[in-house]
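Spelled out, the chains give:
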Amino acid sequence: MVKDHEEFDVVVLGVATVGSRVRIEGTQGEEGFIDQAKHPSWWSEEAPPPAAGDRLHVVVLDSSRTPPRLSALEKDIEIGRRLRGDG
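Now for a description of the structure that goes with this document. (Residues numbered from 1 in each chain as written. Predicted model: local features only at pLDDT ≥ 70, side-chain atom pairs only at ≥ 80, totals over all residues. Heavy atoms only, no water.)

### Quick look at the pattern of salt bridges
1) Next: Applying the stated criterion across every chain yields a total of six salt bridges.
2) Next: Its salt-bridge partner being Arg-21, residue Glu-31 comes within 3.2 Å of it at the nearest N-O pair. Linking Glu-31 in strand 3 (residues 31–35) with Arg-21 in strand 2 (residues 19–24), this pair joins segments that are 10 residues apart in sequence.
3) Next: As a salt-bridge pair, Arg-55 and Glu-25 come within 3.1 Å of each other at their nearest N and O atoms. Of this pair, Arg-55 sits in strand 4 (residues 55–62) while Glu-25 sits in the loop between strand 2 and strand 3, and the two are 30 residues apart along the sequence. (Salt bridge = Lys/Arg side-chain N within 4 Å of Asp/Glu carboxyl O. Helix = DSSP H or I, 4+ residues; strand = E, 2+ residues; numbered from the N terminus.)

Encoded structure:
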């Protein structure tokens with residue numbers, strides 16, 4: 001089970017207009033969800049949109065949701081590190 005502010009590598013399983021379903025590496029096949037606004041492509045024209053098979057580094061924003069909500073934004077990852085005391 002993942003916890004808030006933890007970091008993981010993920011693989012995109014599927015993409016919809018609202019976000020991406022991902023498999024969280026290093027877990028027992030647990031899945032998560034990245035809202036479209038929490039993917040770098042939402043904020044930068046230089047970042048390609050998510051596609052199945054993409055590998056991303058993420059932070060857990062809300063582990064109480066099913067599936068857990070994740071973010072691939074560097075600013076959210078940095079916030080997670082500060083909250084964990086790693087940054």
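Now, onward.
### Digging into the packing of aromatic side chains
1) Next: Evaluated as defined, the whole model comprises zero aromatic pairs.
2) Next: Over the aromatic face of Trp-43 sits the side chain of Lys-75, whose NZ or CZ is 5.7 Å from the ring centroid. (Phe/Tyr/Trp six-rings, centres within 6.5 Å; stacked < 30°, edge-to-face > 60°. Lys NZ or Arg CZ within 6 Å of the ring centre and 35° of its normal.)

### A word on the sheet that holds strand 2
1) Next: With mixed pairing, five strands are arranged side by side around a closed barrel as 1-2-3-5-4. Taken pair by pair, the neighbouring strands of this sheet meet at an average axis angle of 55 degrees, ignoring direction.
2) Next: Here helix 1 (residues 74–84) sits on the sheet in contact with strand 1 (7–16), strand 4 and strand 5 (69–71), set at roughly 55 degrees to strand 4. (Pairing = 2+ DSSP bridges. Axes fitted to C-alpha atoms, helices over the stretch in contact; angles between N-to-C directions. Contact = heavy atoms within 4.5 Å.)

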